[in-house]
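Here is how the chains run, residue by residue.
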Amino acid sequence: MINQDIFRAATLLRQGELVAIPTETVYGLAANAFDVEAVAKIFAAKNRPFFDPLIVHTDSIEKIKSFVADFPPKAELLAQNFWAGALTLLLPKTKLIPDLVTAGLPRVAVRIPKHPLTLALLRNLDFPLAAPSANPFGYISPTKAEHVAAQLSEKVALILEGGECEIGLESTIVGFEGDKTVIYRLGGISVEEIERIVGSVEVKKHSSSNPAASGMLESHYAPRKKMFLQTIETLLEHYKAEEIAVLAFNTIQNKIPLANQKILSPQGDYLEAAKNLFDFMRILDEMPQKVIWAELLPEKSLGRAINDRLKRAATEKL
């Protein structure tokens with residue numbers, strides 16, 4: 001079930017089966033993007049609504065240009081700077097991409113993942129892979145092979161073991177509306193990095209229905225426990241200290257037992273915090289405490305993307 005056999009993975013994908021693949025962001029649940037029946041299996045396995053589009057993965061810009069209708073100059077610039085990597089571009093699709101992949105929308109989300117095992121797999125395929133995160137819809141994204149096995153083992157033919165994800169946060173999705181560059185989903189490449197290449201950008205707020213791109217739904221990435229973002233003092237008015245699990249950026253919360261706490265990065269490093277985010281959320285979700293308190297990060301660098309995930313995972317009110 002879990003191994004590094006890319007040739008077996010390629011055979012299964014050619015047969016229309018599902019294979020979990022490692023990337024530098026999170027593990028993906030992959031199927032032949034040109035095969036409608038195979039893509040439908042992704043939605044069924046994840047219990048994912050059909051109005052939520054998927055991201056298509058391959059290993060070269062040349063392959064991407066074979067199934068998109070336009071590749072504008074700003075897209076070229078971003079691709080040259082960030083591929084392979086945690087950048088997804090939203091581009092007009094051709095008829096090669098089934099409407100099921102894009103939820104009937106005219107643009108397809110595409111990227112080249114930066115993981116040697118998955119790149120080797122993609123080079124062995126003559127079709128791209130549609131691959132959302134390999135988890136039940138709405139739950140915390142997987143950053144290790146065992147996360148996938150714990151949740152979807154009976155629904156995938158093979159899980160490629162690629163180790164822990166390097167970034168641990170989904171890709172940044174960028175598209176173009178006229179002359180504007182638009183970030184539809186904050187992710188593993190920061191706003192500042194994008195702006196250094198193409199100038200100022202617009203950041204879209206997430207949507208509650210009919211999202212333009214993957215990962216734009218208002219509620220997503222959530223643990224099973226209630227998670228709150230209010231002050232720890234507010235939470236302590238409703239719960240005992242020992243009933244609260246803590247997900248903090250770089251500081252220990254003195255009012256909560258130390259054993260109940262996970263610190264994303266004691267040094268305050270945003271890359272380390274991003275890498276640990278989903279793994280620590282899973283650990284806290286499995287602990288016996290009743291609720292999770294999460295600390296928002298400063299709104300800069302990858303802090304914006306981490307905060308985006310925390311806000312969508314959190315319960316609004318006590």
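Above this text you will find the structure in question.
The paragraphs below set out a description of the structure included in this document.

1. Structural notes on the sheet that holds strand β15 (residues 291–294)
Right, on to step 1. The 4 strands are arranged β12-β15-β13-β14 in an open sheet whose pairing can be described as parallel. Looking at the sheet topology across the chains shown, the edges are occupied by β12 (226–228) and β14 (261–263). Strand-to-strand, the axes of this sheet are offset by a mean angle of 20°, without reference to chain direction.
Right, on to step 2. The pairing of strand β13 (residues 244–248) with β14 spans 3 bridges and is parallel. Across the sheet, the residue bridging to A248 is I263, located in β14.
Right, on to step 3. Those strands touched by helix α10 (residues 270–286) are β12, β13, β14 and β15, and its axis lies near 175° from that of β13.

2. A look at the packing of aromatic side chains
Right, on to step 1. Under the definition given, this model contains 5 aromatic pairs.
Right, on to step 2. Aromatic pair F43 and F50: ring centres 4.8 Å apart, planes at 35°, arrangement tilted.
Right, on to step 3. A centroid spacing of 6.4 Å and a plane angle of 40° characterise the contact between F228 and Y239, whose relative ring orientation is tilted. With F228 in strand β12 and Y239 in the loop between α9 (232–236) and β13, the pair connects residues that are 11 residues apart, well separated along the chain.
Right, on to step 4. Looking at F228, the relative accessible area reads 1%, which means it is buried.
Right, on to step 5. The lysine or arginine in question, K65, covers the ring of F71, its NZ or CZ lying 5.3 Å from the ring centre.
Right, on to step 6. The side chain of K262 reaches across the aromatic face of F280, ending 4.5 Å from its centre.

3. Observations regarding unusual backbone geometry
Right, on to step 1. The residue after W83, namely A84, is reached through a cis peptide bond having omega -5°.
Right, on to step 2. Within the secondary structure, A84 sits in the loop between α4 (73–82) and β5 (87–92).
Right, on to step 3. The phi dihedral of A103 falls on the positive side, at around 55°, and the residue is not glycine.
Right, on to step 4. Mapped onto the secondary structure, A103 falls in the loop between α5 (99–102) and β6 (107–111).
Right, on to step 5. Given the relative accessible area of 23%, A103 is considered partly exposed.
Right, on to step 6. Here S301, not a glycine, exhibits a phi torsion of approximately 50°, which is positive.

4. A word on the packing of α10 against helix α11 (residues 303–313)
Right, on to step 1. Interaxial distance between α10 and α11 falls to 9 Å at its minimum, and their mutual angle equals 20°. Viewed along their axes, α10 and α11 adopt a mutual orientation that is roughly parallel. You can see that α10 and α11 cross each other, and the crossing is left-handed. When α10 is examined against α11, the residues Y270, A273, A274, L277, F278 and M281 are found in contact with a partner set consisting of G303, I306, R309, L310 and A313.
Right, on to step 2. Partitioning the contact of α10 with α11 into residue classes produces 9 nonpolar, 1 polar and 1 charged.

5. Considerations on the sheet that holds β6
Right, on to step 1. If you walk across this open sheet you meet the 11 strands as β1-β8-β2-β3-β7-β4-β6-β5-β9-β10-β11, and the pairing is mixed. The open sheet has two free edges, formed respectively by β1 (2–3) and β11 (202–203), since each of these has just one partner strand.
Right, on to step 2. The pairing of strand β10 (residues 180–185) with β11 spans 2 bridges and is parallel. Counted as the bridge partner of V182 is E202 from β11.

Reading guide: rules and limits
- Residues numbered from 1 in each chain as written.
- Predicted model: local features only at pLDDT ≥ 70, side-chain atom pairs only at ≥ 80, totals over all residues.
- Heavy atoms only, no water.
- Pairing = 2+ DSSP bridges.
- Helix = DSSP H or I, 4+ residues; strand = E, 2+ residues; numbered from the N terminus.
- Axes fitted to C-alpha atoms, helices over the stretch in contact; angles between N-to-C directions.
- Contact = heavy atoms within 4.5 Å.
- Phe/Tyr/Trp six-rings, centres within 6.5 Å; stacked < 30°, edge-to-face > 60°.
- Buried < 20%, exposed > 50% of the residue type's maximum accessible area, 1.4 Å probe, protein only.
- Lys NZ or Arg CZ within 6 Å of the ring centre and 35° of its normal.
- Parallel < 35°, antiparallel > 145°, perpendicular 65-115°, else oblique.
- Left-handed = near helix turned anticlockwise from the far one by under 90°.
- Nonpolar A, V, L, I, M, F, W, Y, C, P; charged D, E, K, R; others polar.

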